Amino acid sequence: MTKIRQNIDKLIEKSNNIVITSHKSPDDDAISSLLSIYDYITNFYPTKKVSMVVNGTNSNRHNYFNNYSQINFVTEICDHIKQADLLIFLDGCQYSRFTNNPQLIEVHTAKKICIDHHPNPPDIFDITLIDINATSTVEIIYKLLFENQKISKLLADIILLGILGDTGTFNYVKPSQTDIFLLAKKLIDINQTDIQTFKSNYSKISLESYQTISELIKNTTFHTSSNNPSYQVSFLSKTFVDKHKLSQENLSEASHVYMSSFLRNVEGYSWGIVVNPQNDNDSSISLRSLPNSVNVRSFMQKMAIGGGHDRAAGGEIKNSTPQKTIKTLIKWIEENTLDIS
């Protein structure tokens, strides 16, 4: 870690225009990672020009966190990084996770840093730090940059956001990851509040999301397979999204709540899929599974449409409605034996 930090510091020192980004439609860990790296650079290198740019839509949900208002949410990051001489990619290791035009990142002359915890084959970066045993990307960032420092309450809140998000408030912690409880204790001691009160600052559900969750429940179907464990599927149609003028943030928030509360929790159905419309013609896919069920990361990688974690993964299919995408997925499931882990 010390050597990697030194190499990262050297790149920062040599750079004049630094852009930090995270994956499209960023989740809590992605936001946490963005803000923590931004905090580090602006405090230790105050003369550097540094910005945060991400493909997605702004969410009032994270306004509680320091410097969140500094994140520039855009339709396409490649339109905003042309002058950058250092690009820092967080919570993803493949260019396609960050942009709709990965070929433009590939040929960009800037130096590139990647910090991630997903077990996916990485694209080419000047510095790559991937720890698949970490609970979250922000845990890696904490150990890399802040572990031996006294950190502020503002930064402790930012780091705790990502840890709670990617551990499902510790529901997904593995026996090999129990050190995260020591870090959580340290962060909670700093912010001096209980987890429920802390989460109330950012985890309320909007009325639009509540209505969207109801639609996901309504559209849920259950499937059996001759080759694989039984699973459930839900989706949102583009008609519903357009009628209710839902943003990608609304879709993400509603899908997250639905997956946490209902996906893989119905007895006899140990894994499941949610499909939503994305942009004008594409579909995004989110998957969750229980241990000793389908390895959803492997599923997405074998279809060559995505990746993620063994228990939580995602992907996308271009030029396909959610209904058509579901048919494609079901057909693939019926014709293949998925990995179990």
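It should be emphasised that the depicted structure is a prediction, and the values quoted were computed from it without experimental measurement. (Residues numbered from 1 in each chain as written. Predicted model: local features only at pLDDT ≥ 70, side-chain atom pairs only at ≥ 80, totals over all residues. Heavy atoms only, no water.)

*Asks:* If you had to explain the sheet that holds strand E5 (residues 111-116) to someone new, which residues and values would you point to?
*Replies:* Overall, parallel pairing links the six strands, which are arranged E3-E2-E1-E4-E5-E6 in an open sheet. Edge positions in the sheet fall to strand E3 (71-74) and strand E6 (127-130), since each of these pairs with one other strand and no more. With strand direction ignored, the average angle separating the axes of adjacent strands in the sheet is 20°. Running over the sheet, helix H4 (residues 137-146) touches strand E4 (86-90), E5 and E6 and is turned about 110° from E5. (Pairing = 2+ DSSP bridges. Helix = DSSP H or I, 4+ residues; strand = E, 2+ residues; numbered from the N terminus. Axes fitted to C-alpha atoms, helices over the stretch in contact; angles between N-to-C directions. Contact = heavy atoms within 4.5 Å.)

*Asks:* How would you sum up the nonpolar core? Please name residues and give values.
*Replies:* Most often, soluble globular proteins keep nonpolar side chains buried together rather than apart. In terms of nonpolar packing, the biggest core is built from 52 residues, with Ile20 and Ile41 touching the most fellow members. Looking at this core element by element, the count peaks at eight residues for helix H5 (residues 153-167). What isoleucine 41 contacts, discounting residues up to four positions off in sequence, is Ile12, Ile18, Ile20, Pro46, Val50 and Ile88. If you look at the next biggest cluster of nonpolar residues, it comprises 20 residues, including Phe235, Ile285, Met303 and Leu338. (Core = buried A, V, L, I, M, F, W, Y, C linked by side-chain atoms within 4.5 Å. Buried < 20%, exposed > 50% of the residue type's maximum accessible area, 1.4 Å probe, protein only.)

*Asks:* Explain the sheet that holds strand E11 (residues 306-308) to me, using residue names and the numbers behind them.
*Replies:* Pairing in this open sheet of six strands is mixed, and the strands run E7-E8-E9-E10-E12-E11 from one edge to the other. The open sheet terminates on both sides in strands that have one partner only, identified here as strand E7 (221-223) and E11. Taking the axes of each pair of neighbouring strands and ignoring which way they run, one obtains an average angle of 20° across the sheet. Here strand E10 (residues 282-289) runs beside strand E12 (residues 312-317); their pairing, made up of six bridges, is antiparallel. Residue leucine 287 lies in a different strand from E12, and its bridge partner there is alanine 313. Taken strand by strand, helix H10 (residues 248-261) contacts strand E8 (231-235), strand E9 (271-278) and E10, and its axis lies near 170° from that of E9.

*Asks:* Would you mind going over the pairing of strand E2 (residues 49-55) in detail, with residue names and values included?
*Replies:* In terms of burial, E2 is a largely internal element, five of the seven residues being buried. In this sheet, E2 lies alongside strand E1 (residues 17-22) in parallel orientation, the contact comprising four bridges. Looking at E2, one finds that valine 19 is bridged to serine 51. In the classification by handedness, the crossover that spans E1, the intervening helix H2 (residues 28-44) and the parallel E2 is right-handed. Pairing analysis gives four bridges linking E2 to E3, with the strands arranged parallel. Across the sheet, residue valine 54 finds its bridge partner in E3, namely phenylalanine 73. (Right-handed = clockwise from strand over helix to strand, strands pointing away.)

*Asks:* How would you sum up the side chain of asparagine 120? Please name residues and give values.
*Replies:* Among the structural elements, asparagine 120 can be located in the loop between E5 and E6. Residue classification places asparagine 120 among the buried positions, given a relative accessible area of 9%. A polar contact of 2.7 Å, which involves the side chain of asparagine 120, links it to the side chain of glutamine 301. Every residue in contact with asparagine 120, bar those within four places of it in the chain, is listed here: Cys93, Gln94, Arg297, Gln301, Gly307 and Gly308. (Polar contact = N/O pair within 3.5 Å; in protein donor to acceptor, adjacent residues only side chain to side chain.)

*Asks:* Could you give an account of the pairing of E5, naming the residues involved and the relevant values?
*Replies:* For E5, the tally of buried residues reaches five of six residues, placing the bulk of the element in the interior. Relative to E5, E4 runs parallel, the two being bridged by five bridges. Bridge assignment links leucine 86 to a residue of E5, and that residue is lysine 111. In the sheet, E5 pairs with E6 via four bridges, with the strands oriented parallel.

*Asks:* Account for the environment of threonine 167, with residues named and values stated.
*Replies:* Mapping threonine 167 onto the fold places it in helix H5. Separated by 138 residues in sequence, threonine 167 and aspartate 29 have C-alpha atoms that sit 9.5 Å apart. If we skip the residues at most four places from it in the chain, threonine 167 touches Thr135, Tyr172 and Val173.

*Asks:* Quick one: what's the story with the environment of lysine 327, residue by residue and with numbers?
*Replies:* Of note, lysine 327 is situated in helix H12 (residues 322-335). Separated by 212 residues in sequence, lysine 327 and isoleucine 115 have C-alpha atoms that sit 35 Å apart.

*Asks:* Any details on the packing of H5 against helix H6 (residues 180-191)? Residues and values, ideally.
*Replies:* One can describe the packing of H5 onto H6 by two numbers: an axis separation of 9 Å at closest approach and a directional angle of 140°. The orientation of H5 relative to H6 falls into the category oblique. Where H5 crosses over H6, the handedness of that crossing is left-handed. In this structure, H5 uses Lys153, Ala156, Asp157, Ile159, Leu160 and Ile163 to contact H6, whose residues at the interface are Ile180, Leu183, Leu187, Ile188, Ile190 and Asn191. Looking at the contact of H5 with H6, its residues break down into nine nonpolar, one polar and two charged. (Parallel < 35°, antiparallel > 145°, perpendicular 65-115°, else oblique. Left-handed = near helix turned anticlockwise from the far one by under 90°. Nonpolar A, V, L, I, M, F, W, Y, C, P; charged D, E, K, R; others polar.)

*Asks:* Pulling in residues and values, what's your account of the packing of H2 against H4?
*Replies:* Two numbers describe how H2 lies on H4: the axes approach to 8 Å, and their chain directions differ by 15°. The orientation of H2 relative to H4 falls into the category roughly parallel. Between H2 and H4 the crossing geometry is left-handed. Residues Asp29, Ser32, Ser33, Ser36, Ile37, Asp39 and Tyr40 of H2 form the contact with H4, whose own contacting residues are Thr137, Val138, Ile141, Leu145 and Phe146.

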